[in-house]
Amino acid sequence: MDNLMELLKSRRTYRRFEQRQISREIIDEILEAARLASSAANRQPLSYIVVSGAEKVEEVFVHTKWAGALPPEQGQPKEGEHPVLFIAVVENLDINKNCDTDAGLAISNMTLAAWNHGVGSCMIGACNKAALSELFGLTEDQALHTVVAFGYPTHESHVVDMEDEEQFKYYLDEKRDYVVPKRKLSDVVRWL
Ligand SMILES: Cc1cc2nc3c(=O)[nH]c(=O)nc-3n(C[C@H](O)[C@H](O)[C@H](O)COP(=O)(O)O)c2cc1C
């Protein structure tokens, strides 16, 4: 249990990466973790598109926006810092139109399975879904939920207690590591 809590604590969002490929075994494990996720009524409406190889990754990268809380020169990965893999999460609407919770669970499994191997990730909601849907060749029964970026991080990320209501924005410290304020347990839990 200690190891699981350590994994959960350190599995943060990472936004700068080494230009080192992720092995096929690890990619397969990330996908297997998604496949194993719980699903409403077990309908399993999600499918996945794997984007690897520098050229294809760049084709996706240009449609992604990173770290909305930071000025682009701080948050947007620069050349040489880009992810090396994207996995797109696709909703198959003919199976189930309400995929949001399924997608969240699958993404959580994927990012944890990746981090278990030291592979960091960033889920990207702020992407050009129209352009990416075309690039991926999605049908009219399919919708792009999210793309998730992966790579070996070159920075750290630390959680700190959120001391006041205005302090929800993450920031970079003097080492350019991310600092992520989280609401304290006592602020978000009420026991009946
Ligand atoms: C639904 C969702 C969408 C997100 N979209 C983006 C995004 O478009 N770009 C980005 O850089 N980070 C994105 N993130 C990452 C969040 O900014 C990040 O989870 C948050 O700052 C807390 O950091 P943590 O994941 O390390 O706890 C997204 C996270 C979630 C849950």
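Here the structure is a predicted model, which means the values were calculated and not measured.

Q: Which residues make up the sheet that holds strand β7 (residues 178-182), and what values go with them?
A: Taken in spatial order, the three strands line up as β5-β7-β6 in an open sheet, and their pairing is mixed. Looking along the sheet, the strands with just one partner apiece sit at the ends: β5 (157-161) and β6 (171-172). Pairing between β6 and β7: two bridges, direction antiparallel. Residue pairing for β7: Leu172 is matched across the bridge by Tyr178.

Q: Run through the site of the ligand, naming residues and quoting values.
A: Around the ligand lies a shell of 14 residues, among which Arg12, Thr13, Ala67, Ala126 and Lys182 are the nearest. Take Met123: an N or O atom from its main chain is 3.2 Å from a nitrogen atom of the ligand. When contributions to the shell around the ligand are tallied by element, the ones reaching two or more residues are β3 (120-124) and β7. Residue contributions to the shell around the ligand peak at three residues, all from β3.

Q: Please provide a residue-by-residue account of the packing of helix α2 (residues 24-35) against helix α5 (residues 100-115), values included.
A: Between two packed helices, what matters for the description is the angle formed by their axes and the separation of those axes. Contact geometry of α2 with α5 gives a least axis separation of 8 Å together with a crossing angle of 150°. Classified by the angle between their axes, α2 and α5 sit roughly antiparallel to one another. The chirality of how α2 crosses α5 is right-handed. Here Glu29, Ile30, Ala33 and Ala34 of α2 lie close against α5, whose contacting residues are Ala106, Asn109, Met110, Ala113 and Ala114.

Q: Tell me about the pairing of β7, and name the residues and values.
A: Among the five residues in β7, four count as buried, and that is most of the element. Pairing of β5 with β7 involves five bridges; the strand directions are parallel. Among the inter-strand pairings, Ser157 is bridged to a residue of β7, identified as Tyr178. Taking the residues between adjacent antiparallel strands as the criterion, β6 and β7 are bridged by five residues, where Arg176 takes a positive phi near 65°.

Q: Tell me about the domain arrangement of the protein chain, and please be specific about residues and values.
A: Examined at the domain level, the protein chain breaks down into domain 1 (2-155) and domain 2 (156-192). In this assembly, 14 residues from domain 1 lie in contact with eleven residues from domain 2. At the boundary of domain 1 with domain 2, total buried surface from both sides reaches about 1,100 Å², with 52% on carbon and sulfur atoms. It is Arg12, Arg16 and His155 in domain 1 that bury the most area against domain 2; as a group they hold 45% of the surface buried on that side. Between domain 1 and domain 2 we count one salt bridge in total. Across the salt bridge formed by Glu81 and Arg176, the nearest N and O atoms sit 4.0 Å from each other. Applying the counting rule to domain 1 against domain 2 returns three residue pairs in polar contact (both at pLDDT 80 or more). In the side of domain 1 that touches domain 2, the residues fall into four nonpolar, five polar and five charged.

Cut-offs and rules
- Residues numbered from 1 in each chain as written.
- Predicted model: local features only at pLDDT ≥ 70, side-chain atom pairs only at ≥ 80, totals over all residues.
- Heavy atoms only, no water.
- Pairing = 2+ DSSP bridges.
- Helix = DSSP H or I, 4+ residues; strand = E, 2+ residues; numbered from the N terminus.
- Near = heavy atom within 4 Å.
- Polar contact = N/O pair within 3.5 Å; in protein donor to acceptor, adjacent residues only side chain to side chain.
- Axes fitted to C-alpha atoms, helices over the stretch in contact; angles between N-to-C directions.
- Parallel < 35°, antiparallel > 145°, perpendicular 65-115°, else oblique.
- Left-handed = near helix turned anticlockwise from the far one by under 90°.
- Contact = heavy atoms within 4.5 Å.
- Buried < 20%, exposed > 50% of the residue type's maximum accessible area, 1.4 Å probe, protein only.
- Domains from an automatic or database assignment.
- Buried area = accessible area lost by both parts, 1.4 Å probe.
- Salt bridge = Lys/Arg side-chain N within 4 Å of Asp/Glu carboxyl O.
- Nonpolar A, V, L, I, M, F, W, Y, C, P; charged D, E, K, R; others polar.

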